[in-house]
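Geometric and topological summary
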Amino acid sequence: MEITLNHYLAVAAVLFVIGLMGVIMRRNLLIIYMSLEMMLQAANLTFVAFSRFDNLVDGQVFVFFVITVAAAEVAVGLALIVALYRLRQTTSVDALTTLKF
Amino acid sequence: MLHLLNSNLLPYFAPELLVTVWAMVLLLGDAFFEFTPRQTANLALAGLAVAAVETLLLDSAPIVFWNGMCIWDGSAKFFDIFFLAVAALVIWMGDEVQAPVEYGGEFAILPLFTTVGLMLLASANDFMLLFVALELVTISFYILVAYRRRTLAALEAGVKYLILGGLSSAFLVMGVAYIFGVMGTTRFDVLVNAFHGGVPVMAAFGLILVLVGIGFKIAMVPFHVWAPDVYEGAPNSITAFLSVGSKAGGLIMLLRIALGAFGGDGGTAVWYPVLTVGAILSLLLGNLAAIPQRNLKRLLGYSSIGHSGFILVAVIGAAAALPHLPRPQMADINTGQVAVSVYLVTYLLATFTCFIVLALLRTRLPGLEIHHLAGLSQRAPLLAAAFALALISLAGIPPLSGFVAKALVVLVAWNRGLYVLLALVLFAAVAALYYYLGPIKAMYWSEPLDRTPIIVSRPATVVLSLLIALMILTGFWPQSIACLISGATLAREGAAQGTLTAAPPTPSPSVAQATP
């Protein structure tokens, strides 16, 4: 079977949805953060697939930007989660109850 | 890189470069020369002033440069000045109003980076630059929101903003990937000419995902859940920055994408229903959910969601052609854009007044609930008057500037035949009256528990008086805003007439003539 553009897009869409479900349903901040990264990788995969099949290099350039920016985001995000852990000794979202209606 | 710096287009990019370089110099200076936070803040303000002068000197003739990456036009100029003013107020607040001991020098430097990101957003003509600029804004905001990292509330706000900000970025990138895949480009001025006979389904889906991403930024319902929590947990100056700067950043993105890249008939048919639903829900939920709030920062958080709804109505009214509605006059389209700019200016004045007052009161009152304000007019007449006037302006009662903005939105909705939105705007404005009058009632018609006067420092008095004066001036004399924002229009018509230096390869009919 030949692997076409649609196969890549389907895998990327599945990855995206798994990531989204993870963000919504998981209770651990680290896992939620991993799921967010998974969503970004789904977008990257879409970009690379389109780039490859349309013969346009722009998509791959975009992926480099996404990877770089995601690295910066992870650096700040993990620092925040570590700071929260130091204060609460947990990384569960159920502990985030100070700000409530 | 060298030819970029030598090019005669450099002046259009100079404000951004200047602020970036200045922020880095200050970071190094902070590390090596042990500036006090006050010195750092003053230096940062000086840098912003130079950048603002530089921006004001540029003309606003539309021009696309650097291979279509950047665009310069009236809107870019207006928003650049707007963001510089916001950043100056934020840095001043962080230094003067909030205790400087609590915050290090970075608290004045990080907003500079955010401002660069916001200014780049205003002149982005390509999803690539838009994404990088947006992330610069978002990542620096993560740090600023959670700046008081020994406080649980601040950290919680930071983490919530982190997760939902990351989610919005993921939606945005996925959407851009689909648009790129179908259309083969990420440039806005090429995209607008690429849709002949409707938007392909996948690109439409991509556009909706992008709108979801932007919806998070401007706190559009149902993507608003982060706003009240983050507003409450962040330092006051940063809450004001989020509420004004980040919202304006999201709006210029929305203008560039919805009116620019997808401004044709096909694109409008996709985003029009999405934004209409968003506007209706924001107007209803933002204003109704604010009514039971007792915490002032949460109340302003919900009211900010409501204001997004008002501005969205103006954005919809600025569209070239709406489905099932008569094709508008050019003047009506311009009124829509003017309404967005005017609304943002009046919103800036009122919101910053509110948050400066709240920041001044934070250490002097036992808490920031409505009942803590009781009898404030006897303890601090200036603060009470400033807060009351700001709330009246936000509520849109004449003759303050907020009324001009609300009236323009109503006018736009009426002219374009958006009667459902018009009815909701009026309903929301009335509902808003109720919760804006609550704090005013407490300040003026309740007896204080503690009668000691609250002393306000001289700089704070001057800035607050200036903001009040501007609110009243622009209310009585709306032309003063009009001359400020004259020419603050997107370059979309200019693009169609081929006046841009780097016009897209295929000439196309103008947006206004694109009828089949």
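On a predicted model such as this, the values are computed, not experimentally measured, just so you know.

1. What about the overall build of chain B?
Within chain B, the secondary structure is distributed over 21 helices and 2 strands. A compact globule built from 516 residues should have a C-alpha radius of gyration of about 24 Å, and chain B, at 22 Å, falls within 12% of that. With respect to the principal axes defined by its C-alpha atoms, chain B has extents near 70 × 55 × 40 Å. By the burial criterion, 62% of the 516 residues in chain B qualify as buried. Counted over contacts in chain B with a minimum sequence separation of 6, partners at least 24 positions apart contribute 80%.

2. Some words on the overall build of chain A
When helices and strands are counted, chain A shows 3 helices and 0 strands. Principal-axis analysis of the C-alpha atoms places the extent of chain A at approximately 50 × 25 × 25 Å. Per-residue burial over chain A gives 32% buried out of 101 residues. For chain A, long-range pairs separated by at least 24 residues make up 46% of all intrachain contacts whose partners lie at least 6 apart in sequence.

3. A short note on the interface of chain B and chain A
Listed as interface residues are 33 residues of chain B and, on the opposing side, 32 residues of chain A. Contributing elements (two or more residues each) for the side of chain B that touches chain A: α6 (127–145), α7 (152–183) and α10 (226–233) of chain B. With 19 residues, the top contributor of residues to the side of chain B that touches chain A is α7 of chain B.

4. With respect to unusual backbone geometry
In terms of backbone geometry, most residues other than glycine have negative phi values and most peptide bonds are trans. Residue and element names in this part refer to chain B. Cis geometry marks the peptide bond from V221 to P222; its omega dihedral reads 5°. Looking at the element boundaries, P222 is found in the loop between α9 (201–217) and α10. Cis peptide bonds are those with omega within 30 degrees of zero, and the linkage from P398 to P399 qualifies with 5°. The residue N67 is not glycine, and still its phi comes out positive at about 55°. Assignment of secondary structure puts N67 in the loop between β1 (63–65) and β2 (70–72). Look at N67 and you get exposed, because 11 C-beta atoms sit within 10 Å. Positive phi is not limited to glycine here, since A219 has a value of about 55°. Looking at where A219 falls in the secondary structure, it is placed in the loop between α9 and α10.

5. What about the packing of α7 of chain B against α10 of chain B?
Residue and element names in this part refer to chain B. One way to put it is that α7 packs onto α10 with a least axis distance of 8 Å and a crossing angle of 145°. Like other packed secondary-structure pairs, α7 and α10 cross with a definite hand, here left-handed. Taken together, the residues of α10 that come into contact with α7 (itself represented by A153, A154, E156, A157, K160, Y161 and L164) are W226, D229, V230, E232 and G233. Classifying every residue of the contact of α7 with α10 by side-chain character gives 7 nonpolar, 1 polar and 4 charged.

6. Topic: α7 of chain B
All names here are of chain B. Look at α7: 46 Å from first C-alpha to last across 32 residues, which is about the 46 Å you get at 1.5 Å a residue. Most of α7 is tucked away: 29 of the 32 residues are buried. Remark: G184 follows α7 within two positions and exhibits a positive phi of approximately 75°.

7. Observations regarding the environment of L255 of chain B
All names here are of chain B. Relative to the helices and strands, L255 resides in helix α11 (residues 236–261). Remark: the alpha-carbon pair of L255 and V340, spanning 85 residues in sequence, is separated by 9.6 Å. With residues near it in sequence (within four places) discarded, L255 still touches S75, G260, V315, V340 and L490.

8. Quick word on the confidence of the model for chain A
Mean pLDDT over chain A works out to 91, with 98% of the residues at or above the 70 mark. Least confident of the elements in chain A is helix α3 (residues 58–88) of chain A, whose mean pLDDT is 93; most confident is helix α1 (residues 5–25) of chain A, at 95.

9. Observations regarding the nonpolar core
One recurring pattern in soluble globular proteins: nonpolar side chains tend to sit buried together. Of all hydrophobic cores here, the largest spans 233 residues; its most connected members are L121, V313, V315, Y343, I356, V409 and V425 of chain B. Ranked by residue count, the leading element in this core is helix α14 (residues 330–362) of chain B, at 21 residues.

10. Brief notes about the confidence of the model for chain B
Residue and element names in this part refer to chain B. Per-residue confidence for chain B gives a mean pLDDT of 87, with 91% of residues at or over 70. Within chain B, no element has a lower average pLDDT than helix α21 (residues 492–496), which sits at 43, and none a higher one than α6, at 95. Prediction confidence for the complex, expressed as pTM and ipTM, is 0.91 and 0.96 respectively.

Rules used in this analysis
Residues numbered from 1 in each chain as written. Chains lettered and ligands numbered in written order. Predicted model: local features only at pLDDT ≥ 70, side-chain atom pairs only at ≥ 80, totals over all residues. Helix = DSSP H or I, 4+ residues; strand = E, 2+ residues; numbered from the N terminus. Rg over C-alpha atoms; globule rule 2.2 N^0.38 Å. Buried ≥ 20, exposed ≤ 12 C-beta atoms within 10 Å, placed from the backbone. Contact = placed C-beta atoms within 7 Å. Axes fitted to C-alpha atoms, helices over the stretch in contact; angles between N-to-C directions. Left-handed = near helix turned anticlockwise from the far one by under 90°. Nonpolar A, V, L, I, M, F, W, Y, C, P; charged D, E, K, R; others polar. Expected span 1.5 Å × (residues − 1). pLDDT = per-residue confidence, 0-100. Core = buried A, V, L, I, M, F, W, Y, C linked by C-beta atoms within 7 Å.

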